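# Structural overview
Okay, here's what each chain looks like letter by letter:
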There are 2 protein chains.
Amino acid sequence: MIVVGVDPGLTRCGVGVISLEENTTPSRAPKFVRAQVLTTSPRFTHEDRLMQLDDKLCALFGAFRSHEQVVVAIERPFFTKHNPNTAMGTAQVMGLVMVQSRRKSYRVEHFTPSQVKTSVTGNGRAHKQQVVNAVSILLGLNSGILAPPDAFDALAVALTCTNRGVGVVSATSINKLENAETRAQRMWKDAVRGVSNKPVRM
Amino acid sequence: MIVVGVDPGLTRCGVGVISLEENTTPSRAPKFVRAQVLTTSPRFTHEDRLMQLDDKLCALFGAFRSHEQVVVAIERPFFTKHNPNTAMGTAQVMGLVMVQSRRKSYRVEHFTPSQVKTSVTGNGRAHKQQVVNAVSILLGLNSGILAPPDAFDALAVALTCTNRGVGVVSATSINKLENAETRAQRMWKDAVRGVSNKPVRM
């Protein structure tokens, strides 16, 4: 199974690909496949840049074998009134990724930056360097290999998807994972259970 | 020449098509071709709705003859922090329209709601009913024919595009129209010139 993490952006769109062997235990380690940054130049019009990125996404997804189970995990940034143009471009790139994914019948997952940071570092407000270090450790990478920070972000998104259990179940039971928890969330719940051991009426 | 006005939206995407005969004077009247609203249901996932809309846009653009000169005019709404989800869906639909347009080599134009209202009614803060009335008069329509308000908005966007002169020039000189003015803008400039007739150093 392949998990494609995407850190969307019009100028720089990070893509991180990891693989998980199917039918194994949840404790297996995800393997690094590749990471890259799809770029477009501001020399072109906004619409032409979107088309160029759409072509690059098409080529990216076209490289996977047709029988491969692929999940696409997209980081959903927070949009504020202070970054309307960047937000619009990012949202449009997300839209293109979603449409291309569904055209190939790939499952699509969304994660917030905070969910991604919590999942890989245990801290929802982790700095970029902490994310780079965590991704490097989790994937057994030398942190000097992959320079573009966007690629590390994208790998972190893919790892978040596997941490939340999407890779460890069959396609038929995948819907049950809508409310899957991150490791940090489970730790919080366990901690709360330790404090209060009274039986709870459901 | 065909002008396709688009009022983007994930649930309801208005499309208004008008035609202009080529090689005629700027005073010729645009003709109504058709207006419709492309819809998607919230029963589906966000990504599947985007794909459905992408298919509908593909079918729409596929209906034009290959030799036809087509300009796609898109309304660019203002995004605030109060409508982040709606804004994201709208931005994504805009992105799909842009990519589909450029795949067919159609020129893309963007107009703000205020530009559209000013262009068809002379008032940038006109109400929806004023826009409906103005579009009906400009296209010689009985206002009872086209019920969906989104379709009237989309026709207004297409009319804005023709009002700004995109339809009255050859494709080779179309780049000069980047700074084309609306009728209201010209009226303001003429009014200012009337007040101050002194020569201006450039």
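Heads up: these notes are all about the structure in this document. Keep in mind the model is a prediction, meaning the values are calculated, not measured.

What follows concerns the pattern of salt bridges. Counted under the stated rule, the structure contains 14 salt bridges over all chains. One salt bridge in this structure joins A:Asp48 and B:Arg102, with 2.6 Å as the shortest N-O distance. Taken together, the residues A:Asp48 in helix α1 (residues 46–62) and B:Arg102 in helix α2 (residues 84–103) connect one chain to another. By relative accessible area, A:Asp48 is classed as buried at 16%. We note a salt bridge from B:Asp54 to A:Arg103, for which the minimum N-O separation is 2.9 Å. Note that B:Asp54 is positioned in helix α1 (residues 46–62) and A:Arg103 in helix α2 (residues 84–103), a pairing that runs across two chains. Using a relative accessible area of 41% as the deciding quantity, one classes A:Arg103 as partly exposed.

We now examine the interface of chain B and chain A. On the chain A side, the residues contacting the 22 residues of chain B number 22 residues. Between chain B and chain A, the buried area comes to about 2,100 Å², and carbon and sulfur atoms account for 66% of it. Across the contact surface, chain B and chain A share six salt bridges. At the junction of chain B and chain A, the tally comes to eight residue pairs in polar contact (both at pLDDT 80 or more). Residue assignment for the side of chain B that touches chain A shows that the elements contributing at least two residues are α1, α2 and β5 (107–111) of chain B. Looking at the side of chain B that touches chain A, the element that brings in the most residues is α2(B), giving ten residues. Counted by class, the side of chain B that touches chain A contains ten nonpolar, four polar and eight charged residues.

Residue and element names in this part refer to chain A. Taken as a whole and assessed by the stated rule, the structure comprises six aromatic pairs over all chains. Seen from their ring centres, Phe64 and Tyr106 are 6.4 Å apart, and the 65° between their planes marks the pair as edge-to-face. Remark: Tyr106 occurs in the loop between α2 and β5 (107–111) and Phe64 occurs in the loop between α1 and β4 (70–75); sequence separation between them is 42 residues. For the pair shown, Phe64 and Tyr106 are each scored as buried.

Each value, and the rule that gives it
- Residues numbered from 1 in each chain as written.
- Chains lettered and ligands numbered in written order.
- Predicted model: local features only at pLDDT ≥ 70, side-chain atom pairs only at ≥ 80, totals over all residues.
- Heavy atoms only, no water.
- Salt bridge = Lys/Arg side-chain N within 4 Å of Asp/Glu carboxyl O.
- Helix = DSSP H or I, 4+ residues; strand = E, 2+ residues; numbered from the N terminus.
- Buried < 20%, exposed > 50% of the residue type's maximum accessible area, 1.4 Å probe, protein only.
- Contact = heavy atoms within 4.5 Å.
- Buried area = accessible area lost by both parts, 1.4 Å probe.
- Polar contact = N/O pair within 3.5 Å; in protein donor to acceptor, adjacent residues only side chain to side chain.
- Nonpolar A, V, L, I, M, F, W, Y, C, P; charged D, E, K, R; others polar.
- Phe/Tyr/Trp six-rings, centres within 6.5 Å; stacked < 30°, edge-to-face > 60°.

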